[in-house]
Amino acid sequence: AMSYLDGVIPLYIRQAMAVAFSVAAMSRLGCIHPPAGAASLLFVQGRTWSHIVPMLMANVLCIIAAALWNNLNDKRQYPTYYWGISKPKKVLDVSKH
């Protein structure tokens, strides 16, 4: 993590910087994901990279659960596009209602 900054920058400043930089990067990329800010906070607090495996597994399980749950209904589809499929299914447009 940021162990080389121990003693140079106080922990509370490093925590704020980690979350601020991760939120700024997500905003710039257009993919806001609040748990990613929490992950950066964990790493700056001295957690090791071995924590990435459980977080990735949890994210994969959440995506699988979301895909199963949303695809059980004919009016919903998640994700809206699969690579390798030429024509994605039509999705209910809720912006017009």
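Sequence order as written defines the numbering, with residues in each chain counted from 1. Totals for whole chains, interfaces and linings use every residue, but because this is a predicted model, local features are given only for residues with pLDDT of at least 70 and side-chain atom pairs only at 80 or more, for both listing and counting. Each side-chain value is derived from all of the structure's non-hydrogen atoms; neither hydrogens nor water enter the calculation.

Helix numbering and strand numbering both begin at the N terminus, where a helix is a DSSP run of H or I of at least 4 residues and a strand a DSSP run of E of at least 2. Scanning the protein from N- to C-terminus turns up three helices and zero strands. The N-to-C order of helical and strand elements in the protein reads α-α-α. For the exposure calls, accessible area comes from a 1.4 Å probe over protein chains only, and a residue counts as buried if that area is under 20% of its type's maximum, exposed if over 50%, partly exposed in between. Going through the 97 residues of the protein one by one, you find that 14% of them count as buried. Two residues form a contact once any of their heavy atoms are found within 4.5 Å. Within the protein, contacts between residues separated by at least 24 positions form 27% of all contacts whose residues are at least 6 apart in sequence. Residue exposure ignores everything except the shown protein chains as possible cover, and the areas themselves are Shrake-Rupley values with a 1.4 Å probe. Carbon together with sulfur atoms contributes 70% to the accessible area of the protein, which is approximately 7900 Å² in total.

Another aspect to go through is the confidence of the model for the protein. Mean pLDDT over the protein stands at 76; residues scoring 70 or higher make up 69%. As a per-residue measure, pLDDT reflects the predictor's confidence and takes values from 0 up to 100. Between the elements of the protein, mean pLDDT differs from a low of 80, seen in helix 2 (residues 34-44), to a high of 90, seen in helix 1 (residues 11-29).

Its place among the elements puts S40 in helix 2. Given the relative accessible area of 17%, S40 is considered buried. Beyond its immediate chain neighbours, meaning those up to four positions away, S40 contacts A18, V19 and S22.

Attention now goes to helix 2. By the burial criterion, the buried members of helix 2 are G37, A39, S40, F43 and V44. Axial view of helix 2: buried residues confined to an arc of 155°, hence all on one face. Looking at the buried residues of helix 2, the elements they touch are helix 1 and helix 3 (52-71). Backbone geometry just downstream of helix 2 places G46 in the positive-phi region, at approximately 110°. Note that the arc is computed from the directions linking the helix axis to the C-beta atoms.

Right, let's talk about a nonpolar patch on the surface for a bit. On the surface, a cluster of nonpolar side chains totalling about 390 Å² of accessible area is made up of V60, L61, I64 and L68. Within the fold, L61 resides in helix 3. Residue L61 is classed as exposed on the basis of its relative accessible area of 57%. The patches described consist of residues with a relative accessible area above 30% and no salt bridge, like charges being joined within 9 Å and nonpolar side chains (Val, Leu, Ile, Met, Phe, Trp, Tyr) within 5 Å. Note on definitions: salt bridges are taken to be side-chain nitrogens of Lys or Arg within 4 Å of carboxyl oxygens of Asp or Glu.

With that out of the way, let us pick up the packing of helix 1 against helix 2. Angles run from 0 to 180 degrees between N-to-C directions of axes, and those axes are lines fitted to C-alpha atoms, restricted for helices to the stretch in contact. For the pair helix 1 and helix 2, interaxial distance at closest approach is 9 Å and the crossing angle is 150°. Taken together, the axes of helix 1 and helix 2 lie roughly antiparallel to each other. For the pair helix 1 and helix 2, the crossing hand works out as right-handed. Residues L11, R14, Q15, A18, V19, S22 and M26 of helix 1 touch helix 2, and the partners they reach there are A36, G37, S40, L41 and V44. Residue composition of the contact of helix 1 with helix 2, grouped by class: seven nonpolar, four polar and one charged. Angles are sorted into four bins: roughly parallel if under 35 degrees, roughly antiparallel if over 145, roughly perpendicular if 65 to 115, and oblique for all others. Should the near helix be turned anticlockwise from the far one by less than a right angle, the crossing is left-handed, and should it be turned clockwise, the crossing is right-handed. Each residue gets one of three labels, nonpolar for Ala, Val, Leu, Ile, Met, Phe, Trp, Tyr, Cys and Pro, charged for Asp, Glu, Lys and Arg, and polar for the others, Gly among them.

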